[in-house]
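Now for the letters of each chain:
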Amino acid sequence: MTDKTKKRIIKWFWIIILVPICIVAVLLLLVGAFAKIPSFEELEHPDNKLATQLIAEDGETLTTFHIENRSYVSYEELSPYLVQAAVATEDVRFYRHSGIDFKSLGRVLVKTLLMSDSSQGGGSTITQQLAKTLYPRNDVRSRIPGVSTIRMVWIKLKEWITAVKLERNYTKDEIMTMYLNSIFFGSNAYGVKAASQTFFAKNPSELTVEEAAMLVGMVNKPTRYNPALNPDKALVRRNFVISQMEKADFIGKEERDSIQQLPIVLSYQVQDHNSGYAPYFRDMLRRYMNAEKPKRSSYKYPEDYAADSLKWADDELYGWLNKNRKADGSPYDLDRDGLRIYTTINYRMQKYAEEAVAEHLGKDLQKSFWRDLRYKTRAPFSNDVDKETVDRIIKNARRYSDRYRNMKKGGASDSEILKSFSEKTNMRVFAWNDKGFIDTLMTPDDSILYYKSHLRSAFMAVEPRTGHVKAYVGGPNYRYFKFDNISQSRRQVGSTIKPFLYTLAMQEGMSPCTKVVNVPQTFVVNKDETWTPRSTDKDEWIGKTVTLKWGLTKSSNNISAYLMKQFGPEAMVSMMRKMGIKCPLDPVYALCVGPANISLYEMVAAYNTFPSGGVFVEPIFVTRIEDNMGNTLTEFNNRKREAISAETAALMVNLMQGVVSGGTAARLGAKYNLRGSVAGKTGTTNDNSDGWFIGYTPKLTAGVWTGGEDMQVHFESLALGGGSNAALPIWGLFMQKVVADGTLGISTSDMFDIPSDMNLDLSCTGGDEDENAGPADEDVSFFD
């Protein structure tokens, strides 16, 4: 070989080696100079639609508002096994390179590209994978030949620059944290926190070796290795990750072998808008925070306009999203901004409340109602409901359905839409079973009747003195029954209205031992008409001298009518306003037996005045809101005012304890073994359409409503549809769980506060009635 040939070979060797390097260097300089490289702020907080978290008072995440179900965690909140699994599987030299692993790139070039050995994996480091999340690969497609390749090279170079920038400005722990927070794990889980909760119902810090390995194994192919969808493939992949952890000396061989024998155990629940605890609370909070400044033209009743106007002025949370702006002037977005909303909800109480509603409705009451329906000719409607009314209800239900709206929007005629409601189709409907649904074939019209056959129930619990809402269950199942029966619904309250009238009597100088004659009362209405409330007392008690305590214990309509005659409907309405009832109220004599339509929310808040010593406390849902960096945006305090005197409140507590000890709520002790300081009142409306129970202890006030979606859907029997059977058991089950918990600060030894200067004998002896005559019959208020 001549010298000239040797020089030529050497020359071309260096050209082949140096030219690509120079080209890459020039391209990197061009990219760095002209391409948009993310700032440090963008690197830490890319536009990845952070979920807003609703956090319970004990720090647990209840649920989220989100487009992408993503929540950030810090490095300290990560299980060390997660970090080890990620390093062992994705980037074994993570702690030794500076963003780009040239050794891995060489391996990919030689073995993957030249030798077609795809088992060697990719050459991207964890830092490059993090950078990759900022440059979506779907941007590279083009119909022009070669353009896609150029775009891909350009993006890859930007990823390299970003990776180096990350390494120069962040620690390895910070990069690992950002990486694990950025990954999509499938099943609507973005980031490792959402994935941990979706697949294992755990926080990332609680993950075991095998659980961490399974999640890391899903990184590259979240659908193929999803253990809920492909358990066999997921198991193989998980065991591969565990082997990699052993190769990297994170675990020993014996530990590897034993862990690989373990099956995959999931607690799988997709975290969508229907899942998580307190979904009704989340939905209510969205409406509350999104409220706009009230306009009179938007309200039917002036009372509702006045109430919302006061909330807009006095309650910072009401309309918060429309009252507050970010630093750049843009509005906050619950689904994207990653706010942290610290709520008053107690995680365990919320869990117990949802369980209590499901246990009573699913295991008991609904089964009784199915049996009741067998004797109805137009089920689920009562036999006394005419065909015209049934047709009107079904017609309205069709018009409010998604099927109707979608077909109407698509241009279908009324006849075509009506026909579609009579054609059988496959559908999934709610059911009280382990799965929560059944797949069946039925017509849409039949599905309307099916859902109307399901009883609804609502439950809300509030802490006296503070007004903190501890539990909020707006219906039986949020996925299938979106309507919130706590704050969106107003139903007739029946006998639960009577304590307001008795409160007026106590405030005006009467006592529980005040004696009256038990006779029907007649009122003159419209000058030439009279109205006499129907008596609910047994015949042997008519004409007897009884105490007011007896009257409330037995829920006597005669005694309530007597008090109405003494004070008048205007005074009763005034008392209800003082105690927080804001809805429209007609000042009529019939108000004494409960025809008013009031929300469960307002009723619970009003009853909470009794254990709060006469102070009305506006219920509060949120204590503070933080941005995604933990900066406090707003703090919230309760709003309270004196509604009645402490002495009046104490007298009412005594009166309502009688309802529990020997009246319509006696089964709280007999069946649920709830002893100690418990007071409350049941209520039932005409035709058993609504069952109520609102009760309280010294440290908790809670209320329950149960009924059908329509008032025409109800039990025929008072024994089944009355408040003591339809509503009270939910209260009893909930309180059983709360007391048994032992960590919530509520026990049977709690005592109601009594003013120190009160010294009254409330034994009420000496009357005609026998206070120990046993439980009263179920109360019901008739106002026809």
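All values reported here derive from a predicted model rather than from experimental measurement.

Spatially, the five strands line up as an open sheet ordered β7-β6-β20-β19-β18, and their pairing is antiparallel. The open sheet is flanked by β7 (469-473) and β18 (679-684), the only strands paired with a single partner. Between one strand and the next, the sheet's axes are offset by a mean angle of 5°, whatever the strand orientation. Two elements, strand β6 (residues 456-462) and β7, share four bridges in a ladder whose sense is antiparallel. Within the sheet, the bridge partner assigned to Val-462 lies in β7 and is Val-469.

Across the interface, helix α8 (residues 192-200) lies against helix α9 (residues 209-217) with an axial gap of 11 Å and an inter-helix angle of 115°. You can see that α8 and α9 cross each other, and the crossing is right-handed. On α9, the residues that touch Val-192, Ala-195, Ser-196, Phe-199 and Phe-200 of α8 are Glu-211, Met-214 and Leu-215. For the contact of α8 with α9, the class distribution of residues is six nonpolar, one polar and one charged.

What follows deals with the confidence of the model for the protein chain. Here the protein chain shows a mean pLDDT of 87. Residues at 70 or above account for 85%. Here residues 110-121 is modelled with pLDDT under 50, and outside its nearest four sequence neighbours on either side it reaches 14 contacts, counting other chains as well. Across residues 780-784, where pLDDT falls below 50, the model places 29 contacts with residues more than four positions away in sequence or in other chains.

In this section: the nonpolar core. In this structure, Leu-285, Phe-459, Phe-621, Leu-668, Trp-731 and Phe-734 are the most contacted members of the largest nonpolar core, which totals 152 residues. Once you skip the residues sitting within four places of it in the chain, Leu-668 turns out to touch Val-660, Asn-673, Leu-674, Val-678, Phe-693, Leu-728, Trp-731 and Gly-732. Judged by nonpolar contacts, the second largest core, of 42 residues, contains Phe-94, Met-178, Tyr-179 and Phe-200.

Attention shifts here to the environment of Glu-76. For Glu-76, the position within the fold is in the loop between β2 (61-65) and α3 (80-90). For Glu-76, a relative accessible area of 66% translates into the label exposed.

The subject of this paragraph is the packing of helix α20 (residues 498-507) against helix α23 (residues 569-578). α23 packs onto α20 with a crossing angle of 100° between their chain directions and a minimal axis gap of 9 Å. In this view, α20 runs roughly perpendicular relative to α23, as classed from their interaxial angle. Listed contacts from α23 to Phe-500, Leu-501, Thr-503, Leu-504 and Gln-507 of α20 are Ala-571, Met-572, Met-575 and Met-576. Residue classes in the contact of α20 with α23 are distributed as seven nonpolar, two polar and no charged.

Turning our eyes to something else, we now look at a nonpolar patch on the surface. Together, Val-517, Val-519 and Ile-542 make up an exposed nonpolar region whose accessible area comes to about 190 Å². By the element assignment, Val-519 lies in the loop between β9 (515-517) and β10 (523-525). Exposure remark for Val-519: the relative accessible area of 31% places this residue in the partly exposed category.

This paragraph deals with the packing of aromatic side chains. Tallied over the full model, the rule gives 28 aromatic pairs. Ring centres 5.1 Å apart and planes at 85° place the aromatic pair Tyr-277 and Tyr-347 in the edge-to-face group. Residue Tyr-277 is found in the loop between α11 (253-260) and α12 (279-289), and its partner Tyr-347 is found in helix α15 (residues 347-373); the two are separated by 70 residues along the sequence. Ring centres 5.1 Å apart and planes at 75° place the aromatic pair Phe-369 and Phe-715 in the edge-to-face group.

Turning next to a negative patch on the surface. There is a patch of like negative charges on the surface, built from Glu-76, Glu-77, Asp-173 and Glu-174. Position of Asp-173 among the secondary structure elements: in helix α7 (residues 172-182).

Turning to a positive patch on the surface, a few remarks are in order. Taken together, the side chains of Lys-363, Lys-367, Arg-371 and Arg-374 define a basic patch exposed on the protein surface. Here Lys-367 is to be found in helix α15. On the accessibility criterion, Lys-367 (45% relative accessible area) is partly exposed.

Parameters at a glance
Residues numbered from 1 in each chain as written. Predicted model: local features only at pLDDT ≥ 70, side-chain atom pairs only at ≥ 80, totals over all residues. Heavy atoms only, no water. Pairing = 2+ DSSP bridges. Helix = DSSP H or I, 4+ residues; strand = E, 2+ residues; numbered from the N terminus. Axes fitted to C-alpha atoms, helices over the stretch in contact; angles between N-to-C directions. Left-handed = near helix turned anticlockwise from the far one by under 90°. Contact = heavy atoms within 4.5 Å. Nonpolar A, V, L, I, M, F, W, Y, C, P; charged D, E, K, R; others polar. pLDDT = per-residue confidence, 0-100. Core = buried A, V, L, I, M, F, W, Y, C linked by side-chain atoms within 4.5 Å. Buried < 20%, exposed > 50% of the residue type's maximum accessible area, 1.4 Å probe, protein only. Parallel < 35°, antiparallel > 145°, perpendicular 65-115°, else oblique. Patch = residues over 30% accessible without salt bridge, like charges linked within 9 Å, V, L, I, M, F, W, Y side chains within 5 Å. Areas by Shrake-Rupley, 256 points an atom, 1.4 Å probe, with all protein chains shown as cover. Salt bridge = Lys/Arg side-chain N within 4 Å of Asp/Glu carboxyl O. Phe/Tyr/Trp six-rings, centres within 6.5 Å; stacked < 30°, edge-to-face > 60°. Lys, Arg positive; Asp, Glu negative; His and termini not counted. Charge placed at Lys NZ, Arg CZ, Asp CG, Glu CD.

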